[in-house]
Amino acid sequence: MPHEKYKSALAQHLDTQPENITLFWKGRVGLYGILEAMKIGPGDEVIIPAFTCVVVANAILYLGAKPVYAEIDPKTFNIDICKINQVISPRSKVIIAQNTFGLSSDLDGILEIAKKHQLRVIEDCTHGFGGTYKDKPNGSIAEAAFFSSQWNKTFSTGIGGMVVCNTPELATALNVFEKKCSKPSFLESRMLGLQMMARNQIQGGSAYWSAVKLYRYLSDKNIITGSSQGEELTEPKMPEDYLKKMSGVQARRGVKELKRLEENLRHRTKITNLYKEIFKKLKLNIPFEPKYAKHTYIKFPFFVKDRTAFLKKAEEEKIPVGDWFLSPIHPIETDFELWQYSYFLNPIAEKISRHILNLNTDFSIREKDVKHIESFLIKNKSELIAQLDFSREAGFLG
Ligand SMILES: *Cc1c(COP(=O)(O)O)cnc(C)c1O
């Protein structure tokens, strides 16, 4: 059984037992399952970073609860621990601690606040597979964690989600939830398998933009299995077939991907080190690396003056540049109130999301591609920002 094999392999990496792991069609389904198991519902508030993916807010809203957005720390792109207190209310139930770009949140600080206010903590490890917090694998510290193996994450099974529970009660509840989810149809799994094969062919910078464009087109038209369905981005209403299990195709691919995880992470470190050298040469800030965590750099973030113009240039010159997160609830850019987000409340996260872009570190980037990226950055140096200035935002907040 591919699912059993995958659970065993994951359990080894996550320092746990296979029965504590459950598998889903996407990571967001796993988050929904954890929240449901924690009995989160109407009247409850869940604290999330104001620098996340809309599907995180969606899972909370689908349960009738309210996402409450906390300001982020500009050094780590994770929740600013000093500011969590400002958003805690008598209705707060959970804090979601993200591993943005592969860097764990400072969990001890968050767990301490949670204990004081009797809140529960969930790790959003969708960027953090393979990283550590104080030498423990990401996902093994809080009560529960969810992971994603969507196209852009540490390793990919096309799309995919995994949950690890670190208490027996939650593990039991998630196993019940997993069984309750429906099985993907034969056609769906078949399509996903074909997409994985096609995706394997994409190499280097020149293929990147044509693949991105084709992928967006096909997934907008609902021809392929996109990571988000149109309806998840237009309003927070649960799609009909949202609660789905992982397919066999995904589990089999997951087993394969885990076998080359070390190589994957080594490659990312190698490419990241090359980027760091370039950024140092150009006198640009490089990402912060706290002592408490091992950063896996699934993306290498940097800042530009005009994001739209820079992306357009990158596309014209076939330089692979990504745009996480282009808003506090990526990729939403209008109608924030539908997700209960009040724009202007988190000026630091908002400023970051107006200026941030990222470089890819995955197997598709070879040393040759880094050379092209370097020339592109040198040529467009005047468009880059060495370090964002938050003095006004900090002053505004007092
Ligand atoms: C990708 C992502 C998710 C969702 O993962 P899926 O597997 O696509 O559902 C959740 N949180 C963050 C921060 C992400 O980047």
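Our subject is the structure listed above.
Remember, it's a predicted structure, so these values are computed and weren't measured experimentally.

A. Structural view of the site of the ligand. The immediate surroundings of the ligand are formed by 16 residues, with Gly-27, Arg-28, His-127, Ser-148 and Lys-153 found nearest. Interatomic distance of 2.7 Å between a side-chain N/O atom of Arg-28 and an oxygen atom of the ligand. One of the side-chain nitrogen or oxygen atoms of Thr-126 is found 3.2 Å away from a nitrogen atom of the ligand. Taking 380 Å² as the accessible area of the ligand by itself, protein coverage stands at 96%. Tallied by class, residues from the shell around the ligand come to five nonpolar, seven polar and four charged.

B. Highlighting the sheet that holds strand β10 (residues 161–165). Pairing in this open sheet of seven strands is mixed, and the strands run β1-β10-β9-β6-β5-β2-β4 from one edge to the other. At either margin of the open sheet sits one strand with a lone partner, and together these are β1 (21–24) and β4 (66–70). Each adjacent strand pair in this sheet contributes to an overall mean axis angle of 25 degrees, direction not counted. Both strand β6 (residues 120–124) and strand β9 (residues 144–148) contribute to a ladder of three bridges, which runs parallel. For Glu-123, the partnering residue across the bridge sits in β9 and is Ala-145. Those strands touched by helix α2 (residues 27–37) are β1, β2 (45–49), β5 (92–98), β6, β9 and β10, and its axis lies near 165 degrees from that of β9.

C. Region of interest: the nonpolar core. Judged by nonpolar contacts, the single largest core of 56 residues is most densely connected at Leu-35, Ile-96, Ile-122 and Ile-352. Elements that contribute at least two residues to this core include exactly α2, β2, α3 (54–62), β5, β9, β10, α6 (168–180) and α13 (347–355). The dominant element in this core, judged by the number of residues it contributes, is α3, at eight residues. Formed by 26 residues, the second largest nonpolar core is a distinct cluster that contains Trp-209, Phe-300, Ile-365 and Leu-377.

Calculation criteria
Residues numbered from 1 in each chain as written. Predicted model: local features only at pLDDT ≥ 70, side-chain atom pairs only at ≥ 80, totals over all residues. Heavy atoms only, no water. Near = heavy atom within 4 Å. Polar contact = N/O pair within 3.5 Å; in protein donor to acceptor, adjacent residues only side chain to side chain. Areas by Shrake-Rupley, 256 points an atom, 1.4 Å probe, with all protein chains shown as cover. Nonpolar A, V, L, I, M, F, W, Y, C, P; charged D, E, K, R; others polar. Pairing = 2+ DSSP bridges. Helix = DSSP H or I, 4+ residues; strand = E, 2+ residues; numbered from the N terminus. Axes fitted to C-alpha atoms, helices over the stretch in contact; angles between N-to-C directions. Contact = heavy atoms within 4.5 Å. Core = buried A, V, L, I, M, F, W, Y, C linked by side-chain atoms within 4.5 Å. Buried < 20%, exposed > 50% of the residue type's maximum accessible area, 1.4 Å probe, protein only.

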